[in-house]
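# Observations on the three-dimensional arrangement
The primary structure of each chain is shown beneath.
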Amino acid sequence: MPTTVIKRLAACVLVSATLTACAATPSGNDASVQSMRDNDPLETYNRAMFQVNDAIDTVLIRPVAWTYKNVVPGHFQYQIDSFLNNLSAPVVLANDILQGNPDRAFNTFMRFMLNSTFGLAGINDFAAEAGFPRHEEDFGQTLAVWGVQDGPYLVLPILGPSNPRDTVGMVVDSFLDPFNYLARANSAEAFPWGRRVASGIDTRAELIPQYENLKEESVDFYATIRSAYRQRRAAEIDNITESGDLPEYDFGNGAMDGAAFDGDAFDAPAEEIQEGGQAQ
Amino acid sequence: MIRRFLAPLFLLLAVAVVAQPNAARAEITPEQGMAFIENIANKGINEVIAADVPQQEKTQRFRDMFLANFGTESTARFVLGRHSRGADPEQLDRFQQLFREYNVLIWARRFDEYNGQELKVTGTRPDDDKGLFVESQVVNTEGGEPINIVWRLREREGGPKVVDIIVEGVSMALTYRSEYDAIISRSGLSGLNDQLAQKVQELKGG
């Protein structure tokens, strides 16, 4: 049973994460102070897992994604992308509702209806042209809207950057998905896995060449991804493109620059980390 | 006695507090900001990215444009954050130069990826009283979803300058800041400078 496997995997990750977090109680040296500021108490494990993921990406995932991107005609890629997106619509809809956002829920509902019919089972994003643009929601975002903090940074095997909140969200999403139940009822147990792999390849292909560029260019690739992941999640949670809220930070002005950094909103998370640390 | 001594100080402080917002207030109007970004986009595409000149010439043209329109000094200072205080001026200077060149080179590498996209300026928002956000979208001519890009502007040296670019919610300055913070904490500003210098060399060679 695939879901059991996911559950067990998630449980293992969470348990080991908590254990390691407890083991890595700050001892007051520079490295642990830095880890607290980065909200990354598991940095040693995370960096190792990041390396493993990157190695798997280099030998397996990227070659497949590259082949997909360069061999499969663009038109089919668009259809596959649309089809996979349409499959995720029920989960997006559920999260729109759970977040108390009727406008978005209506939008997703219309998208699913239009694309499943006129869009020929989702292979065309007919709805986007009809004025219902696509958006993403997941249960990790729903938890955030409900006020759940993200917790420490966590690199998951193969799945990559995450945190306890988003990991739980991912598991919940798989339970929210009617297609998973449909597949099980029809003994098509490979379906959820096939779909997950397809989504992974599709997403990875879209990141060529950005991922490679970033990897070559950054001085500390791990820290870059960690920061970008968090900012991106924060933007997704705020539905940033709609509300237009931007992170507050201060570029300072002239002679005030040095002082301005002290009041910088981005130094604030360190306190939250300490609170989180005490809670454990 | 003390009060008499302090009174002028308070007065000075009051003047400074009142004058500060005025001095700091951005003189960038929304129209000016939008025109500024549109101009950068047009020049960038026509005279640099899509121009029919060798890559080396493109990079040089981009460097000129970048230095003229980006407030890299402010960005670099923000990126260093708390590490800029009490740092060796020589290392700070070195960082400023390396950071600038590094940015020129990584953008220059991306010119090849240009595929007819267009940048549409969609609006502006005030950035408190300090500057202006200009919102824009990169529209792919072959379809696909537009990418949201927000430009953060500050008045510097008598004109608007870009101090940050926020792509789909990810701020470049903040990402650099977070990345460099990790390195400086491990190996100091001189360590970061050495690593940046190496990157710059690699990017030049590649």
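Rules behind the numbers
Residues numbered from 1 in each chain as written. Chains lettered and ligands numbered in written order. Predicted model: local features only at pLDDT ≥ 70, side-chain atom pairs only at ≥ 80, totals over all residues. Heavy atoms only, no water. UniProt positions renumbered as here; feature names shortened; annotations may be inferred. Helix = DSSP H or I, 4+ residues; strand = E, 2+ residues; numbered from the N terminus. Expected span 1.5 Å × (residues − 1). Buried < 20%, exposed > 50% of the residue type's maximum accessible area, 1.4 Å probe, protein only. Contact = heavy atoms within 4.5 Å. Salt bridge = Lys/Arg side-chain N within 4 Å of Asp/Glu carboxyl O. Patch = residues over 30% accessible without salt bridge, like charges linked within 9 Å, V, L, I, M, F, W, Y side chains within 5 Å. Areas by Shrake-Rupley, 256 points an atom, 1.4 Å probe, with all protein chains shown as cover. Lys, Arg positive; Asp, Glu negative; His and termini not counted. Charge placed at Lys NZ, Arg CZ, Asp CG, Glu CD. Bend = angle between axes of the 7 residues up to and from the residue. Pairing = 2+ DSSP bridges. Axes fitted to C-alpha atoms, helices over the stretch in contact; angles between N-to-C directions. Parallel < 35°, antiparallel > 145°, perpendicular 65-115°, else oblique. Left-handed = near helix turned anticlockwise from the far one by under 90°. Nonpolar A, V, L, I, M, F, W, Y, C, P; charged D, E, K, R; others polar. Phe/Tyr/Trp six-rings, centres within 6.5 Å; stacked < 30°, edge-to-face > 60°. Lys NZ or Arg CZ within 6 Å of the ring centre and 35° of its normal.

You'll find chain B entered in an unreviewed UniProt entry as ABC-type transport system, with Caenispirillum salinarum AK4 given as the organism.

Chain A carries the name Surface lipoprotein in an unreviewed UniProt entry, which gives Caenispirillum salinarum AK4 as its organism. Here is the UniProt Sequence similarities (unreviewed entry) comment for chain A, exactly as written: "Belongs to the MlaA family."

Moving on, we get to the environment of A:Arg196. Turning to its location among the elements, A:Arg196 is positioned in helix α10 (residues 190–206). Through-space distance from the C-alpha of A:Arg196 to that of A:Leu176 is 15 Å; in sequence the pair is 20 residues apart.

Let us now look at helix α3 (residues 55–69) of chain B. Residue and element names in this part refer to chain B. With 15 residues, α3 extends 21 Å between its outermost C-alpha atoms, agreeing within 8% with the 21 Å of an ideal straight helix rising 1.5 Å per residue. All of the buried residues in α3 are Lys58, Thr59, Phe62, Arg63, Met65, Phe66 and Asn69. Against α2 (30–49), α4 (72–80), α5 (89–108) and β4 (159–167) lie the buried residues of α3.

All names here are of chain B. A complete count under the given rule lists 30 salt bridges over all chains for this structure. A salt bridge links Asp181 to Arg82; the shortest N-O distance between them is 2.8 Å. With a gap of 99 residues between them, Asp181 in helix α6 (residues 172–205) and Arg82 in the loop between α4 and α5 connect regions that are remote in the sequence. Exposure remark for Asp181: the relative accessible area of 11% places this residue in the buried category. We classify Arg82 as partly exposed; its relative accessible area is 31%. Between Glu135 and Arg125 there is a salt bridge, with its nearest N and O atoms 2.6 Å apart.

Before going further, it helps to examine unusual backbone geometry. Residue and element names in this part refer to chain A. Here the amide bond leading from Ile208 into Pro209 is cis, since omega sits at 5°, within 30 degrees of zero. Topologically, Pro209 is positioned in the loop between α10 and α11 (210–217). Positive phi outside glycine occurs at Ala121, with the angle close to 60°. Its location among the elements puts Ala121 in the loop between α5 (102–117) and α6 (126–129). Ala121 gets classed as partly exposed once you look at its relative accessible area, which sits at 44%. One non-glycine residue, Ile158, lies in the positive phi region at around 65°.

Residue and element names in this part refer to chain B. Together, Glu73, Asp88, Glu90, Asp93 and Glu157 line one region of the surface with negative charge. Considering the arrangement of structural elements, one finds Glu73 in helix α4. According to the relative accessible area criterion, Glu73 is partly exposed, its value standing at 43%.

When the local axis directions of helix α3 (residues 43–71) of chain A are compared, the greatest deviation, roughly 55°, occurs at A:Asp57. Along α3(A), the residues that are buried comprise A:Glu43, A:Asn46, A:Met49, A:Phe50, A:Asn53, A:Asp54, A:Asp57, A:Ala65 and A:Tyr68.

Turning our attention to the sheet that holds strand β5 (residues 170–171) of chain B. All names here are of chain B. If you walk across this open sheet you meet the five strands as β1-β2-β3-β4-β5, and the pairing is antiparallel. This sheet does not close on itself; its edge strands, each paired only once, are β1 (118–127) and β5. Of the strand pairs in this sheet, β1 and strand β2 (residues 131–139) are connected by nine bridges, and their pairing is antiparallel. Paired with Lys120 across the bridge in β2 is Gln137.

The next point concerns the packing of α5(B) against α6(B). Residue and element names in this part refer to chain B. Between α5 and α6, the shortest axis-to-axis distance is 9 Å and the interhelical angle comes to 70°. By the angle class used here, α5 and α6 are roughly perpendicular. Regarding α5 and α6, the two cross each other, and that crossing is left-handed. Classifying every residue of the contact of α5 with α6 gives 17 nonpolar, four polar and five charged.

What follows concerns the packing of aromatic side chains. This model, assessed by the stated rule, comprises 18 aromatic pairs over all chains. Centroid distance B:Phe95 to B:Phe99: 5.5 Å. Interplanar angle 20°. Geometry classified as stacked. You can see B:Phe95 and its partner B:Phe99 sitting in helix α5, four residues apart, about one turn around the helix. Across the pair, exposure class does not vary: B:Phe95 and B:Phe99 are buried alike. Here the aromatic rings of B:Phe99 and B:Tyr180 are separated by 6.4 Å at their centres, their planes lie at 85°, and the arrangement is edge-to-face. Of this pair, B:Phe99 sits in helix α5 while B:Tyr180 sits in helix α6, and the two are 81 residues apart along the sequence. The burial state of B:Phe99 is the same as that of B:Tyr180; both residues are buried. An aromatic cluster is built from A:Phe50, A:Tyr153, A:Tyr211, A:Phe221, A:Tyr222 and A:Tyr229, whose rings are joined through pairwise contacts. The cationic tip of A:Arg204 hangs over the ring face of A:Tyr211; the distance from NZ or CZ to the ring centre is 4.5 Å. The positively charged end of B:Arg177 is found above the aromatic ring belonging to B:Phe78, 4.5 Å away from the centroid.

Moving on to the environment of B:Gly71. Residues and elements named next belong to chain B. Counting through the fold element by element, Gly71 comes out in the loop between α3 and α4. The sequence separation of Gly71 and Val162 amounts to 91 residues, and the corresponding C-alpha distance is 5.6 Å. If we ignore the near neighbours within four places in the chain, the residues touching Gly71 are Lys161, Val162 and Val163.

All names here are of chain B. Hairpin connection, β1 to β2: the antiparallel pair is bridged by three residues, and Asp128 has positive phi, about 50°. Pairing analysis gives eight bridges linking β2 to strand β3 (residues 147–156), with the strands arranged antiparallel. The partner of Ser136 across the bridge, within β3, is Ile149.

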